[in-house]
Amino acid sequence: MPMGMDVEEWMESESAFWKMMDPEVTCRLTVSSSETKVRFLDLRFVSDGDLAFNLDPTDVTGYPFGLEMVADKPFWRGPLSSKVFQTAADTGTFYAPPGSNFVFTIGSASTVDGATISNPGDTPAWPTLTVYGPAVSFSINVGGSVISATLSLAAGESLVIDTNPTVQVARKWVAGVGTIVPFFQFSSIQFAQIPRGGSVPVGIVLNGAGSVQVAFFPQYRRAF
């Protein structure tokens, strides 16, 4: 038992730790190599190595044990890489004002060309595309692959398109409830990766006063 901790505190700490070691629960291991470089790996418990005690563990200062964990997603991931293309409420400058959370301002039914998104990771990335209402149609071109549709989204509603091959699904979200939107309702549905260490052009056409987000978690082979 650690110094300065009574038996009851130790038991509560042990109980809380082993509750996390559930094969059906995902834990997140986070490594910070600096204040700005953070990577994480999601893990599930597999085995405690047949842990057994020869002595009362509350009478000692600690005990060694090994954990076997599995990562369903085997790559370390970094912070979300994201660009948001926001429509302007009125006419103004093309570039967003300093300190904004978005990159460009676009007028309703306008087009953004010449933007890029970069992937600093060690593996190709499949972006998640989100269209926020109000909007009645959109076209998103990532590296020459186009996803477009005529779809009505009111203010507060969104359409989330996960292009990852293990998912590849579109959901319309209304008041916290997601409904799958079949791909046959899209006028174009082309999936494309963002190459590792590379950049691709992004083109946005949005008919409405909403916004579009292109985002992904870069994946790395090492924790730092």
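Residues numbered from 1 in each chain as written. Predicted model: local features only at pLDDT ≥ 70, side-chain atom pairs only at ≥ 80, totals over all residues. Heavy atoms only, no water.

Turning next to the packing of aromatic side chains. Inspection of the entire model under this criterion finds 4 aromatic pairs. A ring pair is formed by F183 and F186, whose centres lie 5.7 Å apart and whose planes are at 65 degrees; its orientation type is edge-to-face. Accessibility expressed as a relative area gives 24% for F183, which makes it partly exposed. The exposure class assigned to F186 is buried, which follows from its relative accessible area of 9%. Aromatic side chains F183 and F191 sit 5.6 Å apart centroid to centroid with 70 degrees between the ring planes, which places their arrangement in the edge-to-face category. Ring-pair connections join several aromatic residues into one group, and the members of that group are F138, F183, F186 and F191. In this structure, R28 is placed above the aromatic ring of F40, and the distance from its NZ or CZ to the ring centre is 3.9 Å. Between R77 and the ring centre of F217, over which it is positioned, the NZ or CZ distance is 5.4 Å. (Phe/Tyr/Trp six-rings, centres within 6.5 Å; stacked < 30°, edge-to-face > 60°. Buried < 20%, exposed > 50% of the residue type's maximum accessible area, 1.4 Å probe, protein only. Lys NZ or Arg CZ within 6 Å of the ring centre and 35° of its normal.)

A word on the confidence of the model for the protein chain. Of the residues in the protein chain, 80% have a pLDDT of 70 or more, and the chain-wide mean is 84. For the stretch residues 104-108, pLDDT sits under 50, and the model shows 25 contacts to residues farther than four places along the chain or on other chains. (pLDDT = per-residue confidence, 0-100. Contact = heavy atoms within 4.5 Å.)

All right, on to the pattern of salt bridges then. Applying the stated criterion to the full structure yields 4 salt bridges. R28 serves as the salt-bridge partner of D42, at 2.8 Å between the closest nitrogen and oxygen. Taken together, the residues span a long stretch of sequence, with D42 in strand β2 (residues 38-47) and R28 in strand β1 (residues 26-32) at a distance of 14 residues. Classification of D42 by relative accessible area gives buried; the value is 17%. A residue is classified by how much of its surface remains accessible, and R28, at 52% relative accessible area, is exposed. One salt bridge connects R44 with D72, and the closest N-O pair in it is separated by 2.7 Å. Of this pair, R44 sits in strand β2 while D72 is found in the loop between β3 (68-70) and β4 (76-77), placing the two residues 28 residues apart along the sequence. Under the relative-accessibility criterion, D72 is labelled exposed at 52%. Three or more residues joined by partner-sharing salt bridges are found here, namely R28, D42 and R77. (Salt bridge = Lys/Arg side-chain N within 4 Å of Asp/Glu carboxyl O. Helix = DSSP H or I, 4+ residues; strand = E, 2+ residues; numbered from the N terminus.)

Below, the discussion takes up the side chain of S158. Within the secondary structure, S158 is located in strand β11 (residues 158-162). The buried category is assigned to S158, whose relative accessible area is 10%.

With that out of the way, let us pick up the pairing of β1. Note: β1 against β2, 7 bridges, orientation antiparallel. Its bridge partner lying in β2, S32 is registered against V38. Counting the residues in the hairpin turn of β1 and β2 gives 5 residues. (Pairing = 2+ DSSP bridges.)

A few words now on the environment of V202. Here V202 lies in strand β15 (residues 199-207). V202 gets classed as buried once you look at its relative accessible area, which sits at 2%. With 60 residues separating them along the chain, V202 and V142 place their C-alpha atoms 4.8 Å apart.

Before going further, it helps to examine the nonpolar core. Counting 27 residues, the largest nonpolar core has V131, F138, I140, L159, I161 and F186 as the members making the most contacts within it. Contributions of two or more residues to this core are made by β7 (110-118), β8 (128-132), β9 (135-142), β10 (145-153), β11, β15 and β16 (211-216). Not counting the four nearest positions on each side in its chain, L159 is found in contact with L129, T130, V131, F138, L151, L153, A170, R171, K172, V181 and F186. Ranked by size, the runner-up nonpolar core spans 5 residues in total, among them L41, W76, Y220 and A223. (Core = buried A, V, L, I, M, F, W, Y, C linked by side-chain atoms within 4.5 Å.)

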